[in-house]
Amino acid sequence: MSSDTKRIGVMTSGGDCPGLNAAIRAITRRAVHGHGFEVLGIEDAVAGLAHRQARPLSPELLDIDGYDPMLSTGGTILGSINKAIDAVASEIEDGYQALGLDALIAIGGDGSLAILAEHARSGWNLVGIPKTIDNDVALTDQSIGFDTAVRTVSRAAAQLRTTGVSHDRVMILETMGRGAGHLALAAGIASGADAVLIPEIPWSMEGLMAAIEATRSRRSQAFALVVVAEGADPPAGTAVGVSERSERRHHGGVGEALAIAVEEASGGAIEARATVLGHIQRGGEPSPMDTILATEFGIHAVDLVAEGTFDSMVALHGTRIRPVPLADVVSAGSARVDPHEERAHTARSVGIYLGEDPQ
Ligand code: F6P
């Protein structure tokens, strides 16, 4: 290899999701075949920089005798972390030079990209790729992993429907999403939910019960499906939502609290059951749309490196991939559901109770 060959690092950071391996595959193919770059896979996000743990990636190596598992395997072959590591900033930042990187492509969510943008001020050439099942990275219409998670939640909801109808129960499905309701809202529409509760829209027990009762009087079966985002407001008077474990905030519990509250509010007339999908939402084979998006993001990220457009993130705008300044993504913070936007409007228009109408 000539001494002017560029060496680019690639890392996955934050919670994993389906499609990360497809992005790594596309980056490696484009970098090696399209630009003659060398690719280093950084292991376990910033920990790999701090401890200089990286391995060369090549299209041939990833192809595994024609099986090409990177396209369809969830998770990330590079590993990932979504908590602070035991290293000072300079150990992480010096890792970039120590590994001889000319540029770094980081596949991360809003939190990871913000942290990496800060490290990049030490002199890194950084390009970001958005990923998260929460779909809350700002300035992109979609992130890698969201489409698959919507499919996973929708399939689970379809299975809850048959058992719920059989037993005349209200079935409550708690989704991930942290402070954003994109996943619950999209899956709720896709699965024909009767109510979707998300962090961005206040809801009331009276409103929810009215929606459940209306559904039950319309149908011969006394069944209703409620999708609730983990970050949605819990029923009044219940102390669930967020706990601090291992120095990280963990959501969870709102679904069960809701099941109890619905039963109580019905005076015992309704039987409710809660299901928490948890990390099942982050696993499995990526959907074709996620595989395509990951591939397109990966190719465009490498092309940005080749043209020297750094401190940027690849973003989906409609059907086009565009670079956006990473600083703008970071300053915009987590993207929330707009209670007036198209998808919330769609949900209301098909009769889903979405909480109190924000007007
Ligand atoms: O941000 C992605 C996400 O899956 C959230 O939806 C969820 O609250 C969180 O990560 C779970 O994180 P952990 O992997 O630390 O349990």
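Read on for a plain summary of the structure. (Residues numbered from 1 in each chain as written. Predicted model: local features only at pLDDT ≥ 70, side-chain atom pairs only at ≥ 80, totals over all residues. Heavy atoms only, no water.)

**So, the nonpolar core**
(1) Moving on: Counting residues in each nonpolar core, the largest one holds 61 residues, and the members touching the most others are Ile8, Ile105, Ile107 and Ile129.
(2) Moving on: Lining this core are residues from two domains, each supplying at least three of them: domain 1 (7-145 + 286-318) and domain 2 (149-283 + 339-349).
(3) Moving on: Those residues in contact with Ile107 that lie beyond four places of it in its chain are Val10, Met11, Thr12, Ser13, Leu20, Ala23, Ile24, Ile27, Ile129, Lys131 and Ile144.
(4) Moving on: With 24 residues, the next largest nonpolar core counts Val46, Tyr96, Leu99 and Leu101 among its residues. (Core = buried A, V, L, I, M, F, W, Y, C linked by side-chain atoms within 4.5 Å. Buried < 20%, exposed > 50% of the residue type's maximum accessible area, 1.4 Å probe, protein only. Domains from an automatic or database assignment. Contact = heavy atoms within 4.5 Å.)

**Quick look at the environment of Ser112**
(1) Moving on: Among the secondary structure elements, Ser112 is positioned in helix H5 (residues 110-120).
(2) Moving on: Overall, Ser112 belongs to the buried group, its relative accessible area being 12%.
(3) Moving on: For the pair Ser112 and Val46, spaced 66 residues apart in sequence, the C-alpha to C-alpha distance is 9.6 Å.
(4) Moving on: Excluding its chain neighbours within four sequence positions, the residues that come into contact with Ser112 are Ser13 and Gly14.
(5) Moving on: For Ser112, the side chain forms a polar contact with the main-chain nitrogen of Gly14, separated by 3.4 Å. (Helix = DSSP H or I, 4+ residues; strand = E, 2+ residues; numbered from the N terminus. Polar contact = N/O pair within 3.5 Å; in protein donor to acceptor, adjacent residues only side chain to side chain.)

**Looking at H5**
(1) Moving on: Those residues of H5 that sit buried are Ser112, Leu113, Leu116, His119 and Ala120. For H5, the arc enclosing every buried residue in end-on projection is 120°, short of the 170-degree limit, so these residues lie on one face. (Arc of directions from axis to C-beta.)

**Topic: the packing of helix H6 (residues 146-167) against helix H10 (residues 288-307)**
(1) Moving on: Their axes nearest at 7 Å, the elements H6 and H10 cross at an angle of 170°. By the angle between their axes, H6 is roughly antiparallel relative to H10. Here Phe146, Asp147, Thr148 and Arg151 of H6 come into contact with H10, specifically with Pro288, Met289 and Asp290.
(2) Moving on: Residues that form the contact of H6 with H10 fall into these classes: 3 nonpolar, 1 polar and 3 charged. (Axes fitted to C-alpha atoms, helices over the stretch in contact; angles between N-to-C directions. Parallel < 35°, antiparallel > 145°, perpendicular 65-115°, else oblique. Nonpolar A, V, L, I, M, F, W, Y, C, P; charged D, E, K, R; others polar.)

**Regarding the side chain of Thr140**
(1) Moving on: One can find Thr140 in the loop between strand S5 (126-130) and H6.
(2) Moving on: The class of Thr140 is buried, set by a relative accessible area of 10%.
(3) Moving on: A polar atom in the side chain of Thr140 sits 2.8 Å from the backbone nitrogen of Leu316.
(4) Moving on: Beyond its immediate chain neighbours, meaning those up to four positions away, Thr140 contacts Pro130, Phe297, Met313, Ala315, Leu316 and His317.

**What about the sheet that holds strand S11 (residues 272-276)?**
(1) Moving on: Taken in spatial order, the 4 strands make up an open sheet running S7-S8-S6-S11, and their pairing is parallel. At either margin of the open sheet sits one strand with a lone partner, and together these are strand S7 (195-197) and S11. Shown here is a sheet whose adjacent strand axes are inclined to one another by a mean of 20°, direction ignored.
(2) Moving on: Relative to S11, strand S6 (residues 170-175) is paired through 5 bridges, and the arrangement is parallel. Considered in S11, the bridge of Met171 is made with Arg273. (Pairing = 2+ DSSP bridges.)

These results come straight from atomic positions and should not be treated as a statement about function.
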